[in-house]
Amino acid sequence: MPEKRQFRAIKGTRDILPSDSKLWNWFESTALKVFESYNFNEIRPPILEQVEVFARSIGAETDIVSKEMFTLDLNAFREIHEYRGHLVESADEPLRFTGWLYYLRGALRGAWETYRIDRNDTNRVAIDRLDGIYDHLYAGIEDDRILREIREDRSKHHEIYALIREAMNLAMDIRIFPDIAVLRPEATASTIRAYIEHNMQALPGNVKLYYMGPMFRRERPQKGRYRQFYQIGAEVLGQSDAPAIDAEILEMLMVFFKRVGLTRTTLYVNSIGDKNCRPQYVELLRQALLEVKDQLGPDSQRRIETNPLRVLDSKLPHEQALIAKLPRISDHLCADCREHFAKLKEELKLRGIVYEENWRLVRGLDYYTRTTFEVIAEGLGSQNAVCGGGRYDGLVELLGGPPTKGIGFAIGSDRAILSIQESGNLPHLPGLDVFVAWMGEPTYATAVAIARKLRESGVSVELPGEEMKFKKSLNLADKLGARYALIIGSDEVASGTFTLKRLADADQKKLSEYELLEYLESEKRDTRG
Ligand code: HAM
């Protein structure tokens, strides 16, 4: 007997069940409609990307990259990395070297078979050759005489050392690290990788893209924070960094939030300068932080060295008064950044977008320049950011593309939907329209035919596959939340009519097929609005 075991979803992941997925679908399809009305088009990047795509863009020192990435091939990598280290150490000892080569070959073969190594010709040839070298070395060390001679006088068997050198070079040359796949922690970097790969800078005008899908971060799960969570994001890439682009993307965001009834929100905006003014400010901040270093917690102390801006993110109560006295970026922006920010604020006013300035809004990803923003929703507790974004003008170049400006945001769908649910401001979403209550085998063919026709005209229909007693049938229709029961008995078949019963008030109509289709279709049109 197999062990009785109940499986559960992995920590930090969850099932979105039908009771919620209707709301999710509505949320996502509303985003799609709003974004398309702003001429954004969908991109679907893969969920797996090379680790470097994120390490380079989000920043190797950020929490996301340094602690939270789900790396798929780490074990294979570690093993191979470790064996390569042993090869180098034992290069002077043919016996040990050959032993480590044996293990390395196994690990490489395994990684090759399971597609964890790039299966290109160079790697294939290298792995085959390592096999050949191993066989040679093995044959050599099996012979005691040769081994003894090697120990006494290395020069006698220089071909063995030549093989060792060759094996070492080949082993080192097999590129593994950049091919390590990670589950994407966000999709801005993926979108930009795709933008460059597909030469999208050649497209006319600004390239306006949106995406939706799961992201993965190994964070400590709590309310509103998951290891698999969902984002809906939008990015604008092109040659212009006009503040109107920033304002339009914020307008689109707030229009969407309003459309889905997410209204108890605050939009915070900030400018964090660019490569001309930020370095001086960061230095100034570092000096100011050093002066109060012993009053700061360990995280902030560490960040003085790694990323002083992130200290501004701190939520520790005792650090707040100290942070309030630190120099503010708004007083240190260069003329261009100051003008960009001033224009953005004018644009927001022009569009009637309500916002608050927040000089501490620096964001946890390294790629931002100038505009940063976040939307906070009420009632979510500590994980209350439902959207974050900003400008990232140097990022395309950083990932190997041409000079390009960019800005975007990502909405956290889990949190936004949670907030809508908690506000009780839920949309009315259509459920099951019709339950077909057929009675008696001779009515079954009619039931099947009408169910198909209704479904073709956009009506949702549940057709029981087995005959049920009338009462049981209506009972189930009720439990399933159907609006109508379509009753088909021998009388109906004989007279070529259907009885449509509205379950809310038991109102009943006798209709011909034509009338039935007409009636349900028009009703559907009305409820859709
Ligand atoms: P982010 O601030 O890291 O930005 O994430 C955006 C949103 O995703 C957050 O405001 C939050 O709602 C949601 N989120 C993040 N982590 C989790 C989690 N563990 N569980 C649930 N929700 C979460 C970015 O990802 C950038 N790529 C945004 C962007 C696009 N910037 C420019 N373009």
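Values in this document were obtained by computation on a predicted structure and should not be read as measured data. (Residues numbered from 1 in each chain as written. Predicted model: local features only at pLDDT ≥ 70, side-chain atom pairs only at ≥ 80, totals over all residues. Heavy atoms only, no water.)

K.L.:
How would you summarise helix 18 (residues 470–479) if you had to cite specific residues and measurements?
P.N.:
Where helix 18 is concerned, the buried positions are Ser473, Leu474 and Ala477. For helix 18, the angular spread of buried residues about the axis comes to 95°, placing them on one side. Turned more than 90 degrees off the buried face of helix 18, the exposed positions are Lys471, Lys472, Asp478 and Lys479. For helix 18, the elements touching its buried residues are strand 12 (434–438), strand 14 (484–488) and strand 15 (497–502). Within two residues after helix 18, Gly481 carries a phi angle of roughly 75°, on the positive side. (Buried < 20%, exposed > 50% of the residue type's maximum accessible area, 1.4 Å probe, protein only. Helix = DSSP H or I, 4+ residues; strand = E, 2+ residues; numbered from the N terminus. Arc of directions from axis to C-beta. Contact = heavy atoms within 4.5 Å.)

K.L.:
Could you give me a rundown of the nonpolar core, with the residues and numbers involved?
P.N.:
Phe27, Phe35, Leu253, Phe257, Phe409 and Ile411 are the most contacted members of the largest nonpolar core, which totals 97 residues. Residues within four places of Leu253 in sequence aside, it is in contact with Phe373, Val375, Cys387, Phe409 and Ile411. (Core = buried A, V, L, I, M, F, W, Y, C linked by side-chain atoms within 4.5 Å.)

K.L.:
Any details on the site of the ligand? Residues and values, ideally.
P.N.:
Neighbouring the ligand are 27 residues, the closest being Glu186, Glu219, Glu235, Tyr368 and Ala385. One nitrogen or oxygen atom from the side chain of Tyr367 is found 3.0 Å from a nitrogen atom belonging to the ligand. With respect to the ligand, the backbone of Ala385 contributes an N or O atom lying 2.7 Å from an oxygen atom. At the level of secondary structure, the elements contributing two or more residues to the shell around the ligand comprise strand 6 (228–238), strand 10 (385–391) and strand 11 (405–412). With six residues, strand 10 is the largest single contributor of residues to the shell around the ligand. (Near = heavy atom within 4 Å. Polar contact = N/O pair within 3.5 Å; in protein donor to acceptor, adjacent residues only side chain to side chain.)

K.L.:
Outline the pattern of salt bridges, listing residues and values.
P.N.:
For the structure on display, the rule yields 38 salt bridges. Of the charged contacts, one joins Arg303 and Asp63 as a salt bridge, the two residues approaching to 3.6 Å between their closest N and O atoms. Placement of Arg303 in helix 12 (residues 298–306) and of Asp63 in helix 3 (residues 63–67) is noted, with a sequence separation of 240 residues between them. A residue is classified by how much of its surface remains accessible, and Arg303, at 14% relative accessible area, is buried. Relative accessible area serves as the criterion here: at 22%, Asp63 is assigned to the partly exposed category. Taking the shortest distance from any N to any O, the salt bridge between Arg264 and Glu378 comes out at 3.3 Å. Placement of the pair is Arg264 in the loop between helix 10 (243–259) and strand 7 (265–271) and Glu378 in the loop between strand 9 (369–377) and strand 10, with a sequence separation of 114 residues. When salt bridges with common partners are traced through the structure, they connect Arg105, Arg109, Asp128 and Asp131 into a single cluster. (Salt bridge = Lys/Arg side-chain N within 4 Å of Asp/Glu carboxyl O.)

K.L.:
Which residues make up the sheet that holds strand 6, and what values go with them?
P.N.:
Strand order in the open sheet formed by eight strands is 1-5-6-11-10-9-7-8, and the pairing between neighbours is mixed. Because the sheet does not close on itself, it has two edges, and the strands there are strand 1 (41–42) and strand 8 (356–357). Taken together, the six bridges between strand 9 and strand 10 define a ladder with antiparallel strand orientation. Its bridge partner lying in strand 10, Phe373 is registered against Gly389. Together, strand 7, strand 8, strand 9 and strand 10 form the strand contacts of helix 14 (residues 335–350), whose direction differs from that of strand 9 by roughly 40°. (Pairing = 2+ DSSP bridges. Axes fitted to C-alpha atoms, helices over the stretch in contact; angles between N-to-C directions.)

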